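A look at the structure
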Amino acid sequence: MSRPVHFEIHGDDPVAATEFYAAVFDWKVEQWGDQPYGLYTTGVGGPGIDGAAAPSEYHGQKVVLTVEVDDLAAAVEKARAAGGTIVVENAPIPGVGTHAQVLDPNGVLVGLLQPAPAE
């Protein structure tokens, strides 16, 4: 079985993206040498994946990722304060939880998911 082990977020301003994700999710960011490539550490242990921010010219593509959050309303407010644009603020997904979608400063769509309470 294959699992995701890395993600890249491509945009015109990887520095803005790096500042956005650090502010909203408290991700650790480390510059990779002198390249315009910021490595994200999203947590310790698993499950989960780490990733990176890169300029658009790497592949000319952007990605969508969904991040689990403890408090959806707080995450939406953090995203707004960090320069994000809210696309979907509070939408239930039956049996899964509640989600929102925001655009980061580069226009990358990011999903935020607050899981449903365990039954």
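Just so you know, these numbers come straight off a predicted model, no measurement behind them.

Criteria and cut-off values
- Residues numbered from 1 in each chain as written.
- Predicted model: local features only at pLDDT ≥ 70, side-chain atom pairs only at ≥ 80, totals over all residues.
- Heavy atoms only, no water.
- Pairing = 2+ DSSP bridges.
- Helix = DSSP H or I, 4+ residues; strand = E, 2+ residues; numbered from the N terminus.
- Buried < 20%, exposed > 50% of the residue type's maximum accessible area, 1.4 Å probe, protein only.
- Contact = heavy atoms within 4.5 Å.
- pLDDT = per-residue confidence, 0-100.
- 1 Å grid on protein atoms, 1.4 Å probe; cavity = no way out; pocket = protein on both sides within 12 Å on 5 of 7 lines; lining within 4 Å.
- Points joined across faces, edges and corners; volume = space filled by probe spheres on them.
- Nonpolar A, V, L, I, M, F, W, Y, C, P; charged D, E, K, R; others polar.
- Phe/Tyr/Trp six-rings, centres within 6.5 Å; stacked < 30°, edge-to-face > 60°.

This paragraph deals with the pairing of strand S2 (residues 28-31). Pairing analysis gives four bridges linking S2 to strand S3 (residues 38-41), with the strands arranged antiparallel. Along S3, the bridge assignment pairs lysine 28 with threonine 41. Linking S2 back to S3 in an antiparallel pair, the connection comprises six residues, with glycine 33 at a positive phi of about 55°.

On to unusual backbone geometry, then. If you check the backbone angles, aspartate 26 has positive phi at about 60° while not being a glycine. By the element assignment, aspartate 26 lies in the loop between helix H1 (14-25) and S2. We classify aspartate 26 as exposed; its relative accessible area is 60%.

Looking now at the environment of alanine 82. For alanine 82, the position within the fold is in the loop between helix H2 (72-81) and strand S6 (85-93). When sequence neighbours within four positions are dropped, the list of residues in contact with alanine 82 reads Phe20, Ala23, Val24 and Pro105.

Moving on to the environment of alanine 79. With respect to the element layout, alanine 79 can be found in helix H2. Judged by its relative accessible area of 1%, alanine 79 falls in the buried class. Taking C-alpha positions, alanine 79 is 23 Å from valine 44, a pair spaced 35 residues apart along the chain. Sequence-distant contacts of alanine 79, defined by excluding residues within four places in its chain, comprise Phe20, Val24, Gly84, Ile86 and Val102.

The next thing to look at is the confidence of the model for the protein. Overall, the prediction assigns the protein a mean pLDDT of 85, with 92% of residues at 70 or greater. Within the protein, strand S4 (residues 50-55) has the poorest average pLDDT of any element, 82, and H2 the best, 96.

Looking at the largest pocket, its volume works out to about 400 Å³. As for the largest pocket, its lining consists of 17 residues, of which Phe25, Trp27, Val67, Glu68 and Val69 are closest to the centre. Counting residues per element, the ones that place at least two in the lining of the largest pocket are H1, strand S5 (65-68) and H2. With four residues, the top contributor of residues to the lining of the largest pocket is S5. Residues that form the lining of the largest pocket fall into these classes: eleven nonpolar, two polar and four charged.

Turning our eyes to something else, we now look at the packing of aromatic side chains. For the structure on display, the rule yields eight aromatic pairs. Aromatic side chains tyrosine 21 and tryptophan 27 sit 5.3 Å apart centroid to centroid with 15° between the ring planes, which places their arrangement in the stacked category. Judged by its relative accessible area of 0%, tyrosine 21 is buried. Taking relative accessible area as the criterion, tryptophan 27 reaches 8% and is therefore assigned buried. An aromatic cluster of at least three residues, connected via ring pairs, comprises Phe7, Phe20, Tyr21, Phe25, Trp27 and Tyr40.

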